[in-house]
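# Tertiary structure, described
Here are the chains, one letter per residue:
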Amino acid sequence: MTLSQKGKIMIKLTHEELETLVAKIAAKIQKNGDIPKIRNIFGIPRGGYPIAITLGMMLDKPVLTDESRILKDTLIVDDLVDSGKTISTGTESASESYT
């Protein structure tokens, strides 16, 4: 663990550690029976991309790179949650698609 310039705790993961953690998320999604509810996956740029790509491969779901294609059944992922501003952008985009 290290501190960022803003004093926040940062944990740097190896590729193997990331894969292990994403596999746990995939297993939880499978166990809950949520795979059919997910049409595709969108990773918030930049940190969410590796998670989205890995999760997409594990769940056999396409990964979006275009925010304008987010739908109500798109799983949105990011590498961190801080203020919530970034994830709200993605959910607003999805809401605009259905208004």
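Residues numbered from 1 in each chain as written. Predicted model: local features only at pLDDT ≥ 70, side-chain atom pairs only at ≥ 80, totals over all residues. Heavy atoms only, no water.

## Considering the environment of Gly 47
Our working rule: Per the convention used, a helix needs a DSSP run of H or I reaching at least four residues, while a strand needs a run of E reaching at least two, with both numbered from the N terminus. In this scheme, a residue with accessible area under 20% of its type's maximum is buried, one over 50% is exposed, and one in between is partly exposed, where area comes from a 1.4 Å probe on protein chains only.
On the secondary structure map, Gly 47 appears in the loop between strand S3 (40–43) and helix H2 (48–59). Gly 47 gets classed as partly exposed once you look at its relative accessible area, which sits at 24%. Distance in space between the C-alpha atoms of Gly 47 and Asp 78 is 6.1 Å, their sequence separation being 31 residues.

## As for the sheet that holds S3
Threshold: Only strands that DSSP links by at least two bridges are regarded as paired with each other. A contact between two residues is defined here by any heavy atoms of the two lying within 4.5 Å. Only the stretch in contact is used when a helix axis is fitted, and all axes are lines through C-alpha atoms; the angle between N-to-C directions ranges over 0 to 180 degrees.
Read from one edge to the other, the open sheet built from 3 strands follows the order S4-S3-S5, with strand pairing classed as parallel. Both outer strands of the open sheet, strand S4 (63–64) and strand S5 (74–77), are each paired with one neighbouring strand and no more. Sheet topology note: the S3/S5 ladder contains 4 bridges and is parallel. The residue of S5 that forms the bridge with Asn 40 is Thr 74. The sheet strands contacting H2 are S3, S4 and S5, and the helix crosses S3 at an angle near 165°.

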